[in-house]
Amino acid sequence: MATKTLAGKTIEVNDEGFLVNPDDWTEEMAPELAKEEGIDELTDQHWKIIRFIRQDFKEKGQIPTIRRIKNAGGVPIKDLYQLFPEGPVKKAAKIAGLGKPQGCV
Amino acid sequence: MKRLLILGGGTAGTMMANKLAPVLEDSEWQITLVDQEETHYYQPGFLFIPFGIYNRNDVIKPKRDFFPPNTEAIISPIEEIQAAENRVKLTNGKVLKYDLLIIATGSQIAPQETEGLTGEGWHKNIFDFYTLKGAESLRQFLKFWDGGKMVVNIVEMPIKCPVAPLEFVFLADWYFTEQGIRDKVEIELVTPLPGAFTKPIAAKFLGQFLEKKNIRLTTDFNAARVDGVNNKLYSWDEKAIDYDLLVTIPTNMGADVIGKSGLGDDLNFIPTDKHTLQSKAHENIFVIGDATDLPSSKAGSVAHFEAEILFENVLRYIEGRPLKSAFDGHANCFIESGFGKGILIDFNYDVEPLPGKFPLPGVGPFSLLQETRMNHWGKMTFRWVYWNLLLKGAELPIEAQMSMAGKKRQ
Ligand SMILES: Cc1cc2nc3c(=O)[nH]c(=O)nc-3n(C[C@H](O)[C@H](O)[C@H](O)COP(=O)(O)OP(=O)(O)OC[C@H]3O[C@@H](n4cnc5c(N)ncnc54)[C@H](O)[C@@H]3O)c2cc1C
């Protein structure tokens, strides 16, 4: 298993750089993870989504889909694509220290 | 008298009624089945209608012909499932109490979820083929079309029968070739997936067929809206794709009544235990077929494998025995590849489609992850198997759980 140093702490990551244990994550790590995804600055809007998906993950045990972020988190899909270009859920999940969202079948 | 209530008399609900009716004691259990439609649609047949291979009469039969004699069948829309009270309200005013509920209300297309999709061009130069009406309208359009750019778009995953869009482009390539206009038609498959299919080895294999047939593949495209006036399809990040003919596979959602009854997720699919098929929220509710939120394909073959396991678990539940955690996500799909040939894939939650022979290891007669004429005959025979064996709940010579015998790891 690979490791990575984030906010001064060494933590386990998978081969795509997703944190292995969501509990290792702290808010200080988010800006560094965001840079890896090409997002230079995390705005309040970004944070709203990061906090929502962490909270939802804690409650439901799975990473919310884009539709759930829209319905329960109240963020229009268009905004999600602007904030986290290309793959919003994948990028937001990575920055929030969660695993890779389950692919589809 | 106790009641076992089945909601939805499509592929899965009909199979369950036919399996359970002969074994449940008549004096103890009343089986009741509810569906809003008189007609049973053979949905896999919709694929062939746009190309004039099948017509309406090949894909419809009266539902009642397939219900077992000792069950009560009610034709009415379901209004609400009141799980806390163990009862279901029908739109015709009836209220049904149940002891055990099986939900098999399937999934439907929801084109209204995409801005502009049902606007200007709907059923003029924008069609679906997941409904009989859509497939028939597309048939009329194709009869008189003399060429242009055809875009086939999967709006979002999951969709039922995830191989159907691929089959559609393969058949279209064949059809336009036969019509003598293939050189005048550009075919482009636009998908939110990173490849031609959900699983990597099959995606690569099927991708080669697209290339060989001169079908363009555009991946990672998340459709946001359609401009039906200017014939453009836009993604959420404002990429635009022009079309003359748009064949859409709209968002698929579980039945509205599931959402309304508070039993579903954001797409109205019901959270279900992926190995026992018991609802996660209510222990006297079981879910089967396209209505579940399982990470398996939504297909008739999957519903068939699930039915064998659910049958066992319903009996165990009734007898108070522990449920069997046996469903492994097994799917088995024939993929029509055009020109009288087909491909077959067999997979489950953990093992992606691999090459080999099926169902008899080393013998076949079908070949996995290969294009053969025999596989095409398998697909065409599936209609007969569906009406005559599958719906009646008969055992097929294929195990419910996937087998590795006869398969080769690469
Ligand atoms: C174009 C196409 C091609 C396909 N090809 C294949 C293939 O090659 N192989 C394969 O295995 N599968 C294929 N499938 C998928 C297959 O048809 C489905 O997976 C299967 O029918 C699912 O069965 P089900 O019982 O879950 O749902 P359905 O068969 O759809 O049944 C659901 C039933 O619930 C009823 N219902 C829903 N809501 C209500 C309500 N509120 N009140 C009353 N009744 C209600 C509906 O009327 C319907 O009868 C294809 C599907 C399509 C659309």
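Residues numbered from 1 in each chain as written. Chains lettered and ligands numbered in written order. Predicted model: local features only at pLDDT ≥ 70, side-chain atom pairs only at ≥ 80, totals over all residues. Heavy atoms only, no water.

Undergrad: Give me the lowdown on the overall build of chain A, citing residues and values where you can.
TA: Scanning chain A from terminus to terminus reveals five helices and two strands. If you list the helices and strands of chain A from N to C, you get β-β-α-α-α-α-α. For chain A, whose C-alpha radius of gyration is 13 Å, the value lies close to the compact-globule estimate of 13 Å for 105 residues. In terms of overall dimensions, chain A has C-alpha extents of about 35 × 30 × 25 Å along its principal axes. For chain A, with 105 residues in total, the buried portion stands at 43%. When contacts within chain A are restricted to residue pairs at least 6 apart in sequence, those whose partners lie at least 24 apart make up 49%. (Helix = DSSP H or I, 4+ residues; strand = E, 2+ residues; numbered from the N terminus. Rg over C-alpha atoms; globule rule 2.2 N^0.38 Å. Buried < 20%, exposed > 50% of the residue type's maximum accessible area, 1.4 Å probe, protein only. Contact = heavy atoms within 4.5 Å.)

Undergrad: Requested: an account of the site of the ligand, with residues and values cited.
TA: Residues and elements named next belong to chain B. Around the ligand, 31 residues are found, and the nearest of them are T11, A12, D35, I78 and K379. One nitrogen or oxygen atom from the side chain of Q43 is found 2.9 Å from an oxygen atom belonging to the ligand. Between the ligand and K379 there is a distance of 2.8 Å, counted from an oxygen atom to a side-chain nitrogen or oxygen. In isolation the ligand exposes 1,000 Å². Once the protein is present, 94% of that is buried. Secondary structure elements with two or more residues in the shell around the ligand: α1 (11-20), α7 (300-319) and α8 (373-390). Residues belonging to the shell around the ligand are distributed by class as follows: 12 nonpolar, 12 polar and seven charged. (Near = heavy atom within 4 Å. Polar contact = N/O pair within 3.5 Å; in protein donor to acceptor, adjacent residues only side chain to side chain. Areas by Shrake-Rupley, 256 points an atom, 1.4 Å probe, with all protein chains shown as cover. Nonpolar A, V, L, I, M, F, W, Y, C, P; charged D, E, K, R; others polar.)

Undergrad: If you had to explain the interface of chain B and chain A to someone new, which residues and values would you point to?
TA: Contacts between the two partners involve 17 residues from chain B, matched on the other side by 10 residues from chain A. A buried area of about 1,300 Å², summed over both sides, lies between chain B and chain A, and 53% of it is on carbon and sulfur atoms. Our count for the chain B to chain A interface comes out at four salt bridges. The partner of A:R67 in a salt bridge is B:E156, and the shortest N-O contact between them spans 2.6 Å. Taken together, the connections running from chain B to chain A amount to five residue pairs in polar contact (both at pLDDT 80 or more). The residue inventory of the side of chain B that touches chain A, partitioned by class, reads six nonpolar, five polar and six charged. (Buried area = accessible area lost by both parts, 1.4 Å probe. Salt bridge = Lys/Arg side-chain N within 4 Å of Asp/Glu carboxyl O.)

Undergrad: Please give an account of the pairing of strand β16 (residues 232-235) of chain B that cites residues and values.
TA: Residue and element names in this part refer to chain B. As paired strands, strand β15 (residues 223-227) and β16 are joined by four bridges and run antiparallel to one another. Across the sheet, residue V226 finds its bridge partner in β16, namely L233. Between the antiparallel neighbours β15 and β16 lie four residues, among them N231 with a positive phi of about 55 degrees. Across three bridges, the pairing between β16 and strand β17 (residues 240-242) is antiparallel. Paired with Y234 across the bridge in β17 is A240. Taken together, β16 and the strand that follows it, β17, pair antiparallel across an intervening segment of four residues, in which E238 is found at a positive phi of about 65 degrees. (Pairing = 2+ DSSP bridges.)

Undergrad: Would you mind going over the nonpolar core in detail, with residue names and values included?
TA: With 97 residues, the main nonpolar core has B:L4, B:M150 and B:F176 as its most contacted residues. Residues in contact with B:L4, not counting those within four places in the same chain, are B:L20, B:L24, B:W29, B:Q30, B:I31, B:T32, B:L100, B:I102 and B:V314. Core analysis: the second largest hydrophobic core is formed by 31 residues, A:I11, A:A34, A:I69 and A:Y81 among them. (Core = buried A, V, L, I, M, F, W, Y, C linked by side-chain atoms within 4.5 Å.)

Undergrad: Just give me the short version of the sheet that holds strand β6 (residues 78-82) of chain B, but keep the residues and values in it.
TA: Residues and elements named next belong to chain B. Reading across from one edge, β6-β7-β8 is the order of the three strands in this open sheet, with antiparallel pairing throughout. In this open sheet, the two strands that pair with only one neighbour each are β6 and β8 (95-97). Each strand of the sheet is rotated relative to its neighbour by a mean of 20 degrees, with strand direction disregarded. Two strands pair when backbone bridges link them, and strand β7 (residues 87-90) and β8 are joined in this way by three bridges, in the antiparallel orientation. Bridge assignment links V88 to a residue of β8, and that residue is L96. (Axes fitted to C-alpha atoms, helices over the stretch in contact; angles between N-to-C directions.)

Undergrad: Would you mind going over the pattern of salt bridges in detail, with residue names and values included?
TA: Any two side chains of opposite charge can pair if their charged atoms end up close together. Residues and elements named next belong to chain B. Under the counting rule described, the total for this entry stands at 25 salt bridges over all chains. Put simply, R56 and E136 hold a salt bridge, and the shortest N to O gap is 3.1 Å. Separated by 80 residues along the polypeptide, R56 in helix α2 (residues 56-59) and E136 in helix α3 (residues 132-144) bring together distant segments of the chain. Look at R56 and you get partly exposed, because its relative accessible area is 38%. A salt bridge links R216 to E188; its shortest N-O distance comes to 3.8 Å. Separated by 28 residues along the polypeptide, R216 in strand β14 (residues 216-218) and E188 in strand β13 (residues 185-190) bring together distant segments of the chain.

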